[in-house]
Amino acid sequence: MRSISLSKLNIALIIALLATPALAEEAKDTSPNSGPPVASKEPLRAQKPGKSSPRPPAAWCGVYTKLVYLAGEFSGSTRADRFVRDGLKLGVNCNYNNDSRLTLGVGAEVYAGKFHLTHEEDVLRASISFLETGFKEWVSATLDLHPIKIGAIVGVERTNSNRFSVDSLEVDLGTGYLSFKDFASQHLSSNGELEIWEAGLNVEFPFQRKFSLTFGGLWQRYSVAVRVKLDQEGTRLLEALEYDTAKINRDFNRSRNFFYLTPGARWCGERLCVSLVVPWGVFQSDQWSWGAMLGAELQF
């Protein structure tokens, strides 16, 4: 009996809550101060569900992948160095927008690829390669000027080189160049680290509803540390040939600034974005670098 009474009481309260607004409207319409009803000049339009203006979320994240290719040459009066760097990046980023034109972002990515270097000087010609693994952290800020967007990014990447291999090694012993590839593969070892600081500015111009063109500039500072070492057997053999082994046993420490123009294109659907960037820089006729970066991002 008590449960039945409680059910009746709950039903009565619900009916009272639903009836209160209707009674209030009826009392307002029948009050002596209210005038006769005035016909609306414009008919009421029914609002279609789901047609409200979309608002960007306050925070969102995404995962992305990039295929990277970069080539360059930096030659001097007594030496020439050419390199090719290609690999794959996998990363995640998160962004925050407090209902304003400014969006802040932060991200991290891992990198795996191959670094190929060709070195030439007076008595030595060598071609070597490494496998690289690295990690990068970055922060960004994007200003939306409707429809143009201006973005800035600052980041640092650190990679380690391993699995050193010798593709070719030729040494001039005074009678011409002799191949020491097999010798170097057995007696030569090397490893290295690469640190890249970068800062970039990019402008995005909408071309169509989902397609846009991008253009910007990128500064990078490369700090390279490479160690090359002969084992004891290789050192004794070259010393017997009266070759200065100090030309091979070296620690290379180089720092160099790179400046790139970064034209590109970008297509974005509801959650998927695809982009292509072509970094290009010419410093002198014998010092240049260019590449391509193809990426895809899935937002959630």
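Basis of the calculations
Residues numbered from 1 in each chain as written. Predicted model: local features only at pLDDT ≥ 70, side-chain atom pairs only at ≥ 80, totals over all residues. Heavy atoms only, no water. Helix = DSSP H or I, 4+ residues; strand = E, 2+ residues; numbered from the N terminus. Contact = heavy atoms within 4.5 Å. Phe/Tyr/Trp six-rings, centres within 6.5 Å; stacked < 30°, edge-to-face > 60°. Buried < 20%, exposed > 50% of the residue type's maximum accessible area, 1.4 Å probe, protein only. Pairing = 2+ DSSP bridges. Salt bridge = Lys/Arg side-chain N within 4 Å of Asp/Glu carboxyl O. Core = buried A, V, L, I, M, F, W, Y, C linked by side-chain atoms within 4.5 Å. Disulfide = S-S within 2.5 Å. pLDDT = per-residue confidence, 0-100.

(A) Spatial organisation of the overall build of the chain. Across its full length, the chain carries three helices and 13 strands. Within the chain, contacts between residues separated by at least 24 positions form 64% of all contacts whose residues are at least 6 apart in sequence.

(B) Inspection of the packing of aromatic side chains at higher detail. Scanning the entire structure with this criterion turns up nine aromatic pairs. Centroid distance Phe74 to Phe258: 5.3 Å. Interplanar angle 85°. Geometry classified as edge-to-face. Placement of Phe74 in strand S1 (residues 59-75) and of Phe258 in strand S9 (residues 250-261) is noted, with a sequence separation of 184 residues between them. The buried category is assigned to Phe74, whose relative accessible area is 10%. On the basis of relative accessibility, which here comes to 4%, the residue Phe258 falls in the buried class. A centroid spacing of 5.3 Å and a plane angle of 45° characterise the contact between Phe130 and Phe164, whose relative ring orientation is tilted. Within this pair, whereas Phe130 is found in strand S4 (residues 124-144), its partner Phe164 is found in strand S5 (residues 149-172), the two being separated by 34 residues in sequence. Just as Phe130 is buried, Phe164 falls in that class too.

(C) Inspection of the pairing of strand S10 (residues 264-268) at higher detail. Sheet topology places strand S8 (residues 211-230) next to S10; four bridges connect them, and they run antiparallel. When the bridges of S10 are listed, Phe211 appears paired with Trp267. In this sheet, strand S11 (residues 272-277) lies alongside S10 in antiparallel orientation, the contact comprising five bridges. Considered in S11, the bridge of Cys268 is made with Cys273. In sequence, S10 turns back onto S11 through a hairpin of three residues.

(D) Quick look at the pattern of salt bridges. Applying the stated criterion across every chain yields a total of eleven salt bridges. With its nearest N and O atoms 3.0 Å apart, the salt bridge here joins Glu195 to Arg158. With Glu195 in strand S7 (residues 188-206) and Arg158 in strand S5, this pair connects stretches of sequence that are 37 residues apart. Taking the shortest distance from any N to any O, the salt bridge between Arg227 and Glu193 comes out at 2.8 Å. Taken together, the positions of Arg227 in strand S8 and Glu193 in strand S7 put the pair 34 residues apart, joining distant regions of the chain. Looking at Arg227, the relative accessible area reads 34%, which means it is partly exposed.

(E) Layout of the nonpolar core. Formed by 28 residues in total, the largest nonpolar core has its most connected members in Val166, Leu169, Leu188, Leu238 and Ile248. Elements that contribute at least two residues to this core include exactly S1, S4, S5, helix H2 (181-187), S7, S8 and S9. With five residues, S8 is the largest single contributor of residues to this core. Once residues within four sequence positions are removed from consideration, Ile248 is found in contact with Leu188, Val228, Leu230, Leu238 and Tyr243.

(F) Structural detail: the state of the cysteines. Overall, the coordinates contain two disulfides when judged by the stated rule. The side chain of Cys61 participates in a disulfide bridge whose partner is Cys94; the two sulfur atoms lie 2.1 Å from each other. On the sign convention where negative means left-handed, the S-S torsion of about 105° between Cys61 and Cys94 marks this disulfide as right-handed. Linking Cys61 in strand S1 with Cys94 in strand S2 (residues 80-97), this pair joins segments that are 33 residues apart in sequence. When its relative accessible area of 32% is taken as the criterion, Cys94 is described as partly exposed. The disulfide partner of Cys268 is Cys273, and the gap between their sulfur atoms is 2.1 Å.

(G) Summary view of unusual backbone geometry. Here the amide bond leading from His146 into Pro147 is cis, since omega sits at 10°, within 30 degrees of zero. Along the polypeptide, Pro147 turns up in the loop between S4 and S5. Unusually for a residue other than glycine, Asp99 sits at a positive phi of about 55°. By the secondary structure assignment, Asp99 is in the loop between S2 and strand S3 (102-120). In this structure Asp99 comes out as exposed when scored by relative accessible area, which is 57%.

(H) Layout of the environment of Val278. By the element assignment, Val278 lies in the loop between S11 and strand S12 (280-284). Residue Val278 is classed as partly exposed on the basis of its relative accessible area, which comes to 33%. The spacing of Val278 and Gly264 is 14 residues in sequence and 6.0 Å in space, taken between C-alpha atoms.

(I) Quick look at the confidence of the model for the chain. Here the chain shows a mean pLDDT of 81. Residues at 70 or above account for 81%. Here residues 1-35 scores under 50 on pLDDT; set against residues more than four positions off or in separate chains, the count is two contacts. Segment residues 38-53 is flagged for pLDDT under 50; beyond a separation of four residues in sequence, or across chains, it makes zero contacts in the model.

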